[in-house]
Amino acid sequence: MPTTSQAAINFEPWHQLLVEYVNDRGQVDYQRWKATGQAVAQLNAWLATLQSTELSSWPDEDTKLALLINLYNALTIRQVLRKYPIDSVRPTVFGVPNLAAFKLFFSKPVYTLGDRTLSLDNLEHDLIRKQFAEPRIHFALVCASVSCPILRNEAYRPETLAQQLEQSAQDFLNDATKNRYDAASNTLYCSKIFQWYEKDFLTVSSTIPTYVQQYLKQALPSDAAVKYLPYNWQLNRV
């Protein structure tokens, strides 16, 4: 089977689906998307066109990263659509989190890319985080939950990737439901994303407050205490 070349990647089908089914607050209309058989078929068809991709032969890093971010987000949506209606990717049984089902959502193989069978975790940790020293990916990868970064209603594209990642960082860091500074207690309340992926952020900044200050519109002292907010795993739906 011939491999998909860098030049052959077409992000437009994915872009059009995002325009149609994701609002400007990053909320996804899963119900309407699933009820529209043609839209589900379009998602599956677009994902199928990428399966013969051999990233190792591509020289352009922005194209690789744009593809992998879009692929992660598209596969997450497809996983949700297959299970919908659901309230969360972290289901509960009698009020207790079903951690086995939660782990399986991210660890189960869901896609073949080139000669590799991948789970969502493989995509994030083995392909994206391992290959790209770019902490802003954590504001672009969306695990279908309220406390995640918002899902942009546009595809990430190689030619605008730097600007899109920068805007995603600005949006996430200035969302007071996810990150905020309390001057009275000199405390930075921030997303658990900074706790889970601390080492990624510390590759480019000396501390978490120093990293956050690049984007936060409030003045943030470098000696601010850091506390992490609860993570809301409810589905990012309309």
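Scroll up to find the structure this text is about.
Residues numbered from 1 in each chain as written. Predicted model: local features only at pLDDT ≥ 70, side-chain atom pairs only at ≥ 80, totals over all residues. Heavy atoms only, no water.

Draft legend 1. The overall build of the chain, seen in detail. Within the chain, the regular secondary structure consists of ten helices and seven strands. Taken over C-alpha atoms, the radius of gyration comes to 18 Å for the chain, in line with the 18 Å a tight globule of 238 residues would show. For the chain, the spread of C-alpha atoms along the three principal axes comes to 60 × 50 × 30 Å. Burial status across the chain gives 48% buried among its 238 residues. Counting only contacts in the chain whose residues sit at least 6 apart along the sequence, the fraction spanning at least 24 positions is 69%. Surface accessibility of the chain: about 11400 Å² in total, with carbon and sulfur atoms responsible for 51%. (Helix = DSSP H or I, 4+ residues; strand = E, 2+ residues; numbered from the N terminus. Rg over C-alpha atoms; globule rule 2.2 N^0.38 Å. Buried < 20%, exposed > 50% of the residue type's maximum accessible area, 1.4 Å probe, protein only. Contact = heavy atoms within 4.5 Å. Areas by Shrake-Rupley, 256 points an atom, 1.4 Å probe, with all protein chains shown as cover.)

Draft legend 2. Region of interest: the sheet that holds strand β5 (residues 180–182). Pairing is mixed across the open sheet formed by three strands, whose spatial order is β5-β6-β7. Edge positions in the sheet fall to β5 and β7 (225–228), since each has one partner strand and no second. Across the sheet, the mean angle from the axis of one strand to that of its neighbour is 25 degrees, orientation sign disregarded. (Pairing = 2+ DSSP bridges. Axes fitted to C-alpha atoms, helices over the stretch in contact; angles between N-to-C directions.)

Draft legend 3. Local environment of empty space enclosed by the protein. Per the stated rule, a full pass over the model turns up one cavity of 30 Å³ or more. Of the volumes computed, that of the largest cavity is approximately 40 Å³. Forming the boundary of the largest cavity are Val28, Tyr30, Asn73, Thr76, Ile77, Val142, Ala144, Leu151 and Asn236. Here the lining of the largest cavity takes three residues from helix α4 (residues 61–83), the largest share from any one element. Here the residues of the lining of the largest cavity are counted per class, giving six nonpolar, three polar and no charged. (1 Å grid on protein atoms, 1.4 Å probe; cavity = no way out; pocket = protein on both sides within 12 Å on 5 of 7 lines; lining within 4 Å. Points joined across faces, edges and corners; volume = space filled by probe spheres on them. Nonpolar A, V, L, I, M, F, W, Y, C, P; charged D, E, K, R; others polar.)

Draft legend 4. Region of the structure containing the environment of Leu118. Tracing the sequence through the fold places Leu118 in strand β4 (residues 116–118). On the basis of relative accessibility, which here comes to 1%, the residue Leu118 falls in the buried class. Ignoring anything within four residues of it in the chain, the contact list for Leu118 reads Lys108, Pro109, Val110, Tyr111, Leu113, Leu123 and Leu127.

Draft legend 5. Spotlight on the side chain of Thr63. Among the structural elements, Thr63 can be located in helix α4. Take Thr63: its relative accessible area is 7%, and that puts it in the buried class. With sequence-adjacent residues up to four places away left out, Thr63 is seen in contact with Gln6, Trp58 and Pro158.

Draft legend 6. Representation of the pairing of strand β6 (residues 187–190). Both β5 and β6 contribute to a ladder of three bridges, which runs antiparallel. Along β6, the bridge assignment pairs Tyr181 with Leu188. With antiparallel pairing between neighbouring strands as the criterion, β5 and β6 make up a hairpin whose turn holds four residues, including Asn186 at a positive phi of roughly 50 degrees. Here β6 pairs with β7 via four bridges, running parallel. Looking across to β7, one finds that Thr187 is bridged to Ala225.

Draft legend 7. Structural detail: the packing of α4 against helix α6 (residues 120–131). Viewed as axis vectors pointing N to C, α4 and α6 meet at an angle of 165 degrees, and their least axial separation amounts to 10 Å. Regarding the angle of α4 to α6, the classification is roughly antiparallel. The two elements α4 and α6 meet at a crossing, and its hand is left-handed. In this structure, α4 contributes Leu65, Leu68, Ile69, Leu71, Tyr72, Leu75 and Thr76 to the contact, and α6 contributes Leu120, Leu123, Glu124, Leu127 and Ile128. (Parallel < 35°, antiparallel > 145°, perpendicular 65-115°, else oblique. Left-handed = near helix turned anticlockwise from the far one by under 90°.)

Draft legend 8. Structural context of the nonpolar core. If you look at the biggest cluster of nonpolar residues, it comprises 77 residues, and the most contacted ones within it are Trp14, Tyr30, Trp33, Leu43, Val80, Val89 and Phe194. At twelve residues, α4 tops the list of elements feeding residues into this core. What Leu43 contacts, discounting residues up to four positions off in sequence, is Trp14, Leu17, Trp33, Ala74, Ile77, Arg78 and Leu81. (Core = buried A, V, L, I, M, F, W, Y, C linked by side-chain atoms within 4.5 Å.)

Draft legend 9. Quick look at the environment of Asn236. On the secondary structure map, Asn236 appears in the segment after β7. Each C-alpha atom, one on Asn236 and one on Leu50, is 26 Å from the other, the two residues being 186 residues apart in sequence.

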